[in-house]
Amino acid sequence: MRRQAIFRRRPSPWRRLRRLLWLPAGFVLVTVLQVATVRFVDPWTTAYMLARRVEAWSAGETLRIDYRWRDWDALSPHLPIALVAAEDQKFPTHRGFDFDAIDAALARYQGDGRLRGASTISQQVARNLYLWSGRSWLRKGLEAWYTVLIEALWPKRRILEIYVNVAEFGDGIYGAEAAAQRFFGKPASALTAAESARLAAVLPNPRRFRADAPSPYVLRRQHWIEQQMRQLGGPEYLRECCG
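Before going into details, it helps to say that this report is about the structure given with it. (Residues numbered from 1 in each chain as written. Predicted model: local features only at pLDDT ≥ 70, side-chain atom pairs only at ≥ 80, totals over all residues. Heavy atoms only, no water.)

Notes on the overall build of the chain
- If you tally the helices and strands in the chain, you get 12 helices and 3 strands.
- Scored against the burial criterion, the 243 residues of the chain give a buried share of 43%.
- Summarising the internal contacts of the chain: among those between residues at least 6 apart in sequence, 69% fall at separations of at least 24. (Helix = DSSP H or I, 4+ residues; strand = E, 2+ residues; numbered from the N terminus. Buried < 20%, exposed > 50% of the residue type's maximum accessible area, 1.4 Å probe, protein only. Contact = heavy atoms within 4.5 Å.)

The structure is reproduced here in structure tokens:
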């Protein structure tokens, strides 16, 4: 009798399969809710900010995160186009992935064995908000999934608004308002085209490069970004997707 009772309590293979199927369904539901919520609710922090706090705590450092949200209308019109010119010039037209840039990155990888980034702004938003730094295939897969959700659930203007506010412009300095106040002593709404390009120029490595003490490399990159901004047509370039 005891053996029969134990046998009856074992779940059938079909029930086990149904339980396993709930895992991907639950993952999809949670991630969709995560992304859908941020379309309307400004994030109070990001995964990268939390990771930076943990990193500083582990090293015994004292770190103050400076993060000040500003809505789209409170940003200089020069800043979004500076970031697009520097990071992702096809942003208005792609659906989250720049396949030409990916092909070029793979070709360079086959040539010198170094994999350089080909991330769009949408991918960077996905990574900054929800994921961790690193190059594992798991993280890249999750980044692609979140990117698909972001492009499906947010308008382009919201994607760029989030990016301007969560990008790291210096060690512990997140978002355009904190960077503008720290480096130029003015609000993000008052940034000039040159100052916007300077902030965009440090994005490849904001803990190494400084907007308030630019190296020759940062100045060269700033001038290149300013040139690209003019060639794209300035803020008007984003009017159709983000106006």
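Some points on the sheet that holds strand β2 (residues 168-170)
- The 3 strands lie next to each other as β1-β3-β2, forming an open sheet whose pairing is mixed. Each edge of the sheet is formed by a strand with only one pairing partner; in this case those strands are β1 (66-67) and β2.
- The pairing of β2 with strand β3 (residues 173-174) spans 2 bridges and is classified as antiparallel. Following the sheet pairing, Gly170 is matched in β3 by Ile173. (Pairing = 2+ DSSP bridges.)

Focus: the layout of surface pockets
- When its volume is computed, the second largest pocket comes out at roughly 220 Å³.
- Forming the walls of the second largest pocket are Trp72, Asp73, Leu75, Ser76, Pro77, Pro80, Pro235, Glu236, Leu238, Arg239, Cys242 and Gly243.
- Counted by class, the lining of the second largest pocket contains 7 nonpolar, 2 polar and 3 charged residues. (1 Å grid on protein atoms, 1.4 Å probe; cavity = no way out; pocket = protein on both sides within 12 Å on 5 of 7 lines; lining within 4 Å. Points joined across faces, edges and corners; volume = space filled by probe spheres on them. Nonpolar A, V, L, I, M, F, W, Y, C, P; charged D, E, K, R; others polar.)

Looking at the packing of helix α4 (residues 78-87) against helix α10 (residues 193-201)
- Where α4 contacts α10, the two axes come as close as 8 Å, and the packing angle between them is 40°. Between α4 and α10, the crossing angle belongs to the class labelled oblique. Between α4 and α10 lies a crossing of right-handed hand. Mapping the contact onto sequence places His78, Leu79, Ala82, Leu83 and Ala86 in α4 and Ala193, Ser196, Ala197, Leu199 and Ala200 in α10.
- When its residues are assigned to classes, the contact of α4 with α10 shows 8 nonpolar, 2 polar and no charged. (Axes fitted to C-alpha atoms, helices over the stretch in contact; angles between N-to-C directions. Parallel < 35°, antiparallel > 145°, perpendicular 65-115°, else oblique. Left-handed = near helix turned anticlockwise from the far one by under 90°.)

As far as function goes, none of this settles anything; it's purely spatial.
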